[in-house]
Amino acid sequence: IGYTELVVHPERLAEVPENTWMLNPPWLAVFMAPFIAIPGKAGYIVFMATTLAMYIFGVKRFGGRVIPLLFSAQLMWILWWGQIDGLAILALLIGWIALEKKSWPLMFACLAVASVKPQLVLAPALALWGGSGKDRLKSLLAMLILVAFSIWAWGPWPVWYLQAIF
């Protein structure tokens, strides 16, 4: 429900201090909008299939085994509740590719995607960013621009989130 509200009613972010319904950065709406736009349960099914694909691709890319993943209780929980944890895997994949290609725009994408699920992936994403060499400041600047733009577009959401937490 929170992801749908973020896409359909972003003006409700201002209600977060009184009614904590969302604590993700508002640019999550960009990732969720295509799934929300698909009518009925089909959007949820496509989202779950996309999440599963992100996990499978991540396991294969990092040298793991897919079968244990498919039978894990953790993955079933994520799929059942429609969690956005697949984006954490996507962030790590993007960050790894950014290191391989020495690409600061990809590293920026890694940081932006990682920020939607920081409790899972912020530390490894920052480690990848730290190893990205002299161009890491470009990706940091791009991230700061994204945050500034999001505050301009959605209002002072970081303040609202801090008020909701404390």
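Going by the structure above, here's the rest.
Since the model is a prediction, treat every value here as computed from it, not as a measurement. (Residues numbered from 1 in each chain as written. Predicted model: local features only at pLDDT ≥ 70, side-chain atom pairs only at ≥ 80, totals over all residues. Heavy atoms only, no water.)

Draft legend 1. The arrangement of the packing of aromatic side chains in detail. Going through the model one piece at a time under the given rule, you end up with 6 aromatic pairs. Measuring from centroid to centroid gives 5.5 Å for F149 and W152, while their planes differ by 40 degrees, and the two rings are tilted. Taken together, the residues span about one helical turn, with F149 and W152 both in helix 9 (residues 136–154) at a distance of 3 residues. Since its relative accessible area comes to 68%, W152 is described here as exposed. Just above the ring of W129 sits the side chain of R136; from NZ or CZ to the centre is 5.9 Å. (Phe/Tyr/Trp six-rings, centres within 6.5 Å; stacked < 30°, edge-to-face > 60°. Helix = DSSP H or I, 4+ residues; strand = E, 2+ residues; numbered from the N terminus. Buried < 20%, exposed > 50% of the residue type's maximum accessible area, 1.4 Å probe, protein only. Lys NZ or Arg CZ within 6 Å of the ring centre and 35° of its normal.)

Draft legend 2. The nonpolar core, seen in detail. The biggest cluster of nonpolar side chains holds 43 residues, and the ones touching the most others in it are L13, L28 and I84. Sorting elements by how many residues they give to this core places helix 7 (residues 104–114) first, with 6 residues. If sequence neighbours within four positions are ignored, L28 has contacts with Y3, L6, I84, L87 and V116. (Core = buried A, V, L, I, M, F, W, Y, C linked by side-chain atoms within 4.5 Å. Contact = heavy atoms within 4.5 Å.)

Draft legend 3. Main features of the pattern of salt bridges. Counted under the stated rule, the structure contains 5 salt bridges. Across the pair R12 and E15 runs a salt bridge whose closest N-O atoms are separated by 2.9 Å. Bridged by salt links that share partners, the residues E5, R12 and E15 form one connected network. (Salt bridge = Lys/Arg side-chain N within 4 Å of Asp/Glu carboxyl O.)

Draft legend 4. Broad picture of the environment of E100. With respect to the helices and strands, the residue E100 is situated in helix 6 (residues 86–101). The partly exposed category is assigned to E100, whose relative accessible area is 45%. Here the alpha-carbon distance between E100 and S132, two residues 32 residues apart in the chain, equals 9.2 Å.

Draft legend 5. Molecular detail of helix 5 (residues 73–81). The set of residues buried in helix 5 consists of L75, I78 and L79. End-on view of helix 5: buried residues confined to an arc of 95 degrees, all on one side of the axis. Residues A73, Q74, W77 and W80 are exposed on helix 5 and point more than 90 degrees away from its buried face. On its buried face, helix 5 sits against helix 3 (42–61) and helix 4 (66–70). Among the residues trailing helix 5, G82 stands out with phi positive, at a value near 70 degrees. (Arc of directions from axis to C-beta.)

Draft legend 6. Representation of the environment of R61 in the model. When you line up the elements, R61 lands in helix 3. Taking the C-alpha atoms as reference points, R61 and L93, separated by 32 residues in sequence, lie 7.9 Å from one another. Not counting the four nearest positions on each side in its chain, R61 is found in contact with L93, W96, I97 and E100. A distance of 2.6 Å separates polar atoms of two side chains, one belonging to R61 and the other to E100. (Polar contact = N/O pair within 3.5 Å; in protein donor to acceptor, adjacent residues only side chain to side chain.)

Purely spatial values, then, with no claim about function.
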